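# Results of the structural survey
Single-letter residue listing:
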Amino acid sequence: MHLHQVPTSILSFPVEIFDDITKQISSLPTLRLVCKRFNDVVVPQMFSSASISLRAVGLDGFLELLESLAVGNHPAVLHAKSLAIRDVVPSQEPKPRYGQRPTKNEVEKDKLQHKSHVLDPYYSNSDLIKDRLSRAISRLQQVATVTWYIDYRKSDEWSRNCVISGIAQMPSLTSFILEADLDKKTSVQLHSLPPLKVFEIHTMSSNTSVSWIQGVKQILSSSSDQLIRLAIKSRNEKDLDTPYLHSLLQDASSSMHLTHLDLEGFAVQLNNAVIPHLRSLQSLHLKKIYKRAGRFPLLTDPKSSTGDIWAILKREKIYIREINLDEPTECFVEYLRSYAGLKSLTIKYAIGTDEAHSDNIALDFYRHALYNHAKSLETLETPLHYEGEWRFGEHTNQILSNLINLKQLAVAVVGVSTQTVPILGGHSENPNIVTECTYDPLHPVCMLMQTASLLPKLDILSIYGASIASNRHVWCGNGIVSHAIAMTKQIDTHVTMIGPLDPLKYGFKVRSSGRYYELQQCKESGEFWYCIA
C-alpha cells in the first residue's frame, strides 16, 4: 500500500498552503530573511500594493522611489496589483500650529521656513520629477487598480498631467478610483484613461469644479462594453451644474451591463437614456439623491426623488439583490413587495416627512415587504433611526426570527424609560432623554439577543441606540449627545449581564457603538457570558 508523504516542515508545504500561512503573519520584512523559499513567497505579498507619496517618504525618498520604478529595479514593477497615488506635490502652505493662535510674525516665519525647507528643494528638482513621474507609473505593468487622491492644495497641472499620462499607459488597468478635493480652477484629463470595468469618482468639496463631468462622459462612452461598476459621489449640494445621471449616460456608444451603481449627491431621473444600462443591475447604493424643479437647473428642493426611482425599477422588472439607501419611501416598500431574492439591505437614515409617516412605512416594511425575502436575506441593517417603528420591538420579532439565512443584523433599540428604571447617574431637563440604568431582563437589548439566538447562521449582531423622536429634522440639540452616550451604556450593560447563555445558540458576536463582544466561558463557573473581545 502506498503511503502519502506527510510534510515534516513548513518548507515542504504546497505553495498554496505556504502562501496562506505567510499572509497571516505581520512581520513580512523579517520573514523574508529566513531563507530563499520564504523570500520567494513573501516578496510578492509585500509589494502587491504600491504607493507613490511625497509626504510618506520625503523628497529624497520620493526621488529614489521614482528612479527605482522608472528603470524597473523596484520589486513593485513585477508584483504590484494595485497602486495608490497621493500628494506628489508639497502643500503650498505650512502645517498649521496647534494650540494658541499664532501671531502674525509667527505665521510669516512658518511660511519662510516652509518655503526654504520644503518648496524650494522640491521645485529645484521639478525637472527631474517631471522626467521620472510618468515613466515610474507606467512601468507598473501588472497593476489592475489605481486609486488617485487629489488635493488642489498639493497639486498643479503638470503633476496631474504626468500622473494621468502614466496611468493611461498601464496595460492591465481595469479599475480607476479618483478621490478629489478640487477647487474651481482644477481640472483632470480623465478622457486619457483606457476602457475600464470599474470607475469611481468621489468629489469632496462643496465648491468643486464640474470640469470632470465631460471626462466622465467620455470614460462611460469608451468603456460602455466593459464597465460593470460605476460610483459617482459628489458633495456639490450648492452647485447648480451638478448633472442628472442620464446626462452622463446618454452619450454611451452602446448599452452598458452595469451590475453595481453607487450614487451620492446626484440628481437622478430614470428615463429611456438610463434604463437600458440598468438591466443587469445587482447592487444599488443611493445617498442624498436630489430632484430638480422648474425649467432651470436649480436645486430648489433638496429632497429624495427615490420614490420615482423605485416605481420605475418595479415597472421595468429590474430586481436588485443588494440595496443601500438613506430614505425609504412607500414606493420602495412596494418595490420590495414586488419580488423575492434580496440578499442585502441597508437603510441608514429613515426620517420621513413626520413621525407618523415614517412609522407607517416601517410597519408596512416589517409586516409585509420583508417576508418576500425571508429565505434569501443575508444582511439586514436598519441602524441609527429615530424612536418609532423602525426600531426593534414586538412588531419586528416575528419577521426577524424567520430570516433563517441572516448572517449580519444591525438594528436600533429604544432605551428604557427613566421613570421605571432606577437612575444611577446623569440628569437632563429633557424628559425624553435616556440615562444610565440598572439591568432589566425585559430590556429591548435582552429581547433582541433572544430573537437573534433563533437565527442559525448569524455571525454579527450590531445594536445601536435610537435617536430622540423629538429631534427629527435637526442635527443637534435637545440632548442628542447625552442621549447617545447613555444609550451606549445601556446597551453595553445589558449585553454583558444577560446570561448564563447556551453557546450553541449564542455563537454570534455583538457590536455596540463602541465595542465588540464575544461569548466566553467563565473559568470558575464554566458558564458562558458575553465579554469584550
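The structure presented is a predicted model; accordingly, all values stated were derived computationally and were not measured. (Residues numbered from 1 in each chain as written. Predicted model: local features only at pLDDT ≥ 70, side-chain atom pairs only at ≥ 80, totals over all residues. Heavy atoms only, no water.)

### Structural notes on the overall build of the protein chain
As a reminder of what qualifies: Put simply, DSSP marks the helices as runs of H or I at least four residues long and the strands as runs of E at least two long, and each gets a number from the N terminus on. Exposure classes here rest on a 1.4 Å probe applied to the protein chains alone. A residue is buried below 20% of its type maximum, exposed above 50%, and partly exposed in between. Contacts are assigned to residue pairs that have any heavy atoms within 4.5 Å of one another. For the area figures, the Shrake-Rupley method with a 1.4 Å probe applies, and any residue is considered shielded solely by the protein chains shown.
Looking only at helices and strands, one finds 16 helices and 17 strands in the protein chain. Of all 533 residues assigned to the protein chain, the portion counted as buried reaches 46%. Within the protein chain, contacts between residues at least 6 apart in sequence are counted, and of these 67% link residues at least 24 apart. As displayed, the protein chain offers around 27,000 Å² of accessible surface, 52% of which is attributable to carbon and sulfur atoms.

### What to know about the pattern of salt bridges
Side-chain pairs of opposite charge can arise whenever the charged atoms involved come near each other. Let me state the cut-off plainly: Every case where a carboxyl oxygen of Asp or Glu lies within 4 Å of a side-chain nitrogen of Lys or Arg is listed as a salt bridge.
In this structure the tally under the stated criterion is 10 salt bridges. In this structure, Glu-67 engages Arg-132 in a salt bridge whose closest nitrogen and oxygen atoms are separated by 2.9 Å. Here the residue Glu-67 occupies a position in helix 4 (residues 54-70), and Arg-132 occupies one in helix 7 (residues 126-138), the gap between them amounting to 65 residues. The buried category is assigned to Arg-132, whose relative accessible area is 13%. With a shortest N-O distance of 4.0 Å, Glu-334 and Lys-314 are connected by a salt bridge. Of the two residues, Glu-334 sits in helix 12 (residues 330-337) while Lys-314 sits in helix 11 (residues 306-315), which places them 20 residues apart along the sequence. A relative accessible area of 35% places Glu-334 in the partly exposed class.

### Things to note about the packing of aromatic side chains
The following threshold applies: To pair, rings of Phe, Tyr and Trp, with the six-membered ring standing in for Trp, must have centres within 6.5 Å; the planes then decide the type, stacked if under 30 degrees apart, edge-to-face if over 60, and tilted in the middle.
In this structure the tally under the stated criterion is 11 aromatic pairs. An angle of 90 degrees between the planes, with centres 5.1 Å apart, marks the rings of Tyr-122 and Tyr-123 as edge-to-face. Accessibility expressed as a relative area gives 1% for Tyr-122, which makes it buried. On the basis of relative accessible area, Tyr-123 is assigned to the partly exposed category, the value being 32%. Pairing Phe-365 with Trp-390 gives two aromatic rings, centres 5.4 Å apart and planes at 40 degrees, and the pair type is tilted.

### Regarding the packing of helix 7 against helix 8 (residues 157-168)
Spelled out, the test is: The convention used is that axes are lines fitted to C-alpha atoms, helices contributing only their stretch in contact, and that angles between N-to-C directions extend from 0 to 180 degrees. Any angle between 65 and 115 degrees counts as roughly perpendicular, while under 35 counts as roughly parallel, over 145 as roughly antiparallel, and the rest as oblique. Two helices crossing with the near one rotated counterclockwise from the far one by less than a right angle form a left-handed crossing, whereas a clockwise rotation gives a right-handed crossing.
The interhelical angle for the contact between helix 7 and helix 8, taken along N-to-C directions, is 30 degrees, at an axis separation of 7 Å. As summarised for this structure, helix 7 and helix 8 are arranged roughly parallel, according to the angle between their axes. Pair helix 7 / helix 8 crosses with right-handed handedness. Touching Ile-129, Lys-130, Leu-133, Ser-134, Ile-137 and Ser-138 of helix 7 are Trp-158, Ser-159, Cys-162, Val-163, Ser-165, Gly-166 and Ile-167, all from helix 8.

### Here we look at the side chain of Asn-405
What counts is decided by this rule: Side-chain atoms alone can form a polar contact between residues adjacent in sequence; in general such a contact is a pair of N or O atoms within 3.5 Å, and within protein one must be able to donate a hydrogen while the other accepts it.
Here Asn-405 shows up in the loop between helix 14 (394-400) and strand 13 (408-413). From its side chain, Asn-405 meets the backbone oxygen of Lys-375 in a polar contact 2.5 Å long.

### Here's the deal with the environment of Arg-391
You can see Arg-391 is positioned in the loop between strand 12 (379-382) and helix 14. Not counting chain neighbours up to four residues away, the residues in contact with Arg-391 comprise Thr-396, Ala-412 and Val-414.

### Quick notes on helix 12
Note the cut-off: It is the directions from the helix axis to the C-beta atoms that the arc portrays.
Among the residues of helix 12, those classed as buried are Phe-332, Val-333, Tyr-335 and Leu-336. Here the buried residues of helix 12 occupy an arc of 155 degrees about the axis, which is enough to place them on one side.

### So, the pairing of strand 2 (residues 82-86)
The line we're drawing: We treat two strands as partners when DSSP finds at least two bridges between them.
Alternating positions in strand 2 separate cleanly, Leu-83 and Ile-85 being buried on one face and Ser-82, Ala-84 and Arg-86 remaining unburied on the opposite face. Across 5 bridges, strand 1 (residues 49-53) lies against strand 2 in parallel orientation. Bridge pairing in strand 2 places Ser-49 opposite Ser-82. Note: strand 2 against strand 3 (residues 145-151), 5 bridges, orientation parallel. Directly across from Arg-86, in strand 3, lies its bridge partner Tyr-149.

### Some thoughts on helix 15 (residues 444-452)
The element helix 15 is extensively covered by neighbouring structure, given that 7 of its 9 residues are classed as buried. The set of residues buried in helix 15 consists of Pro-444, Val-445, Cys-446, Leu-448, Met-449, Thr-451 and Ala-452.

### Observations concerning the environment of Val-89
Among the structural elements, Val-89 can be located in the loop between strand 2 and helix 6 (104-124). With near-sequence residues (within four places) excluded, Val-89 lies in contact with Leu-54, Tyr-122, Tyr-123, Lys-154, Ser-155, Asp-156, Trp-158 and Ser-159.

### Brief notes about the pairing of strand 10 (residues 322-325)
Judged from the 4 bridges that link them, strand 10 and strand 11 (residues 344-347) form a sheet pairing that is parallel. Across the sheet, residue Asn-324 finds its bridge partner in strand 11, namely Thr-346.

### Some points on the confidence of the model for the protein chain
Note the following rule: The score called pLDDT rates the predictor's confidence residue by residue, from a low of 0 to a high of 100.
A residue-level look at the protein chain finds 77% of positions with pLDDT of 70 or above and a mean pLDDT of 80. Between residues 292-304, whose pLDDT stays under 50, and residues either more than four places distant or in other chains, the model counts 23 contacts. Note that pLDDT drops below 50 for residues 417-436; the model gives that stretch 41 contacts with residues more than four away or on any other chain.

### Remarks on the packing of helix 12 against helix 13 (residues 355-367)
Here is the rule we go by: Residue type decides the class: Asp, Glu, Lys and Arg count as charged, Ala, Val, Leu, Ile, Met, Phe, Trp, Tyr, Cys and Pro as nonpolar, and the leftover types, Gly among them, as polar.
One can describe the packing of helix 12 onto helix 13 by two numbers: an axis separation of 10 Å at closest approach and a directional angle of 5 degrees. With respect to each other, helix 12 and helix 13 are oriented roughly parallel. Across the interface between the two elements, Glu-330, Val-333, Glu-334, Leu-336 and Arg-337 of helix 12 pack against His-357, Ile-361, Asp-364 and Phe-365 of helix 13. Of the residues belonging to the contact of helix 12 with helix 13, the class tally is 4 nonpolar, 1 polar and 4 charged.

### Digging into unusual backbone geometry
Only a minority of non-glycine residues have a phi that is not negative, and only a minority of peptide bonds are not trans. Residue Pro-500 is reached from Gly-499 by a cis peptide bond, and omega for that bond is 0 degrees. Among the secondary structure elements, Pro-500 is positioned in the loop between helix 16 (480-497) and strand 15 (509-511). Backbone geometry at Asp-87 places phi at a positive 30 degrees, although glycine is not the residue there. Along the chain, Asp-87 turns up in the loop between strand 2 and helix 6. Of the residues examined, Asp-87 reaches a relative accessible area of 13% and is grouped as buried. Positioned with a positive phi, Lys-317 is a non-glycine residue whose angle comes to about 55 degrees. Of note, Lys-317 is situated in the loop between helix 11 and strand 10.

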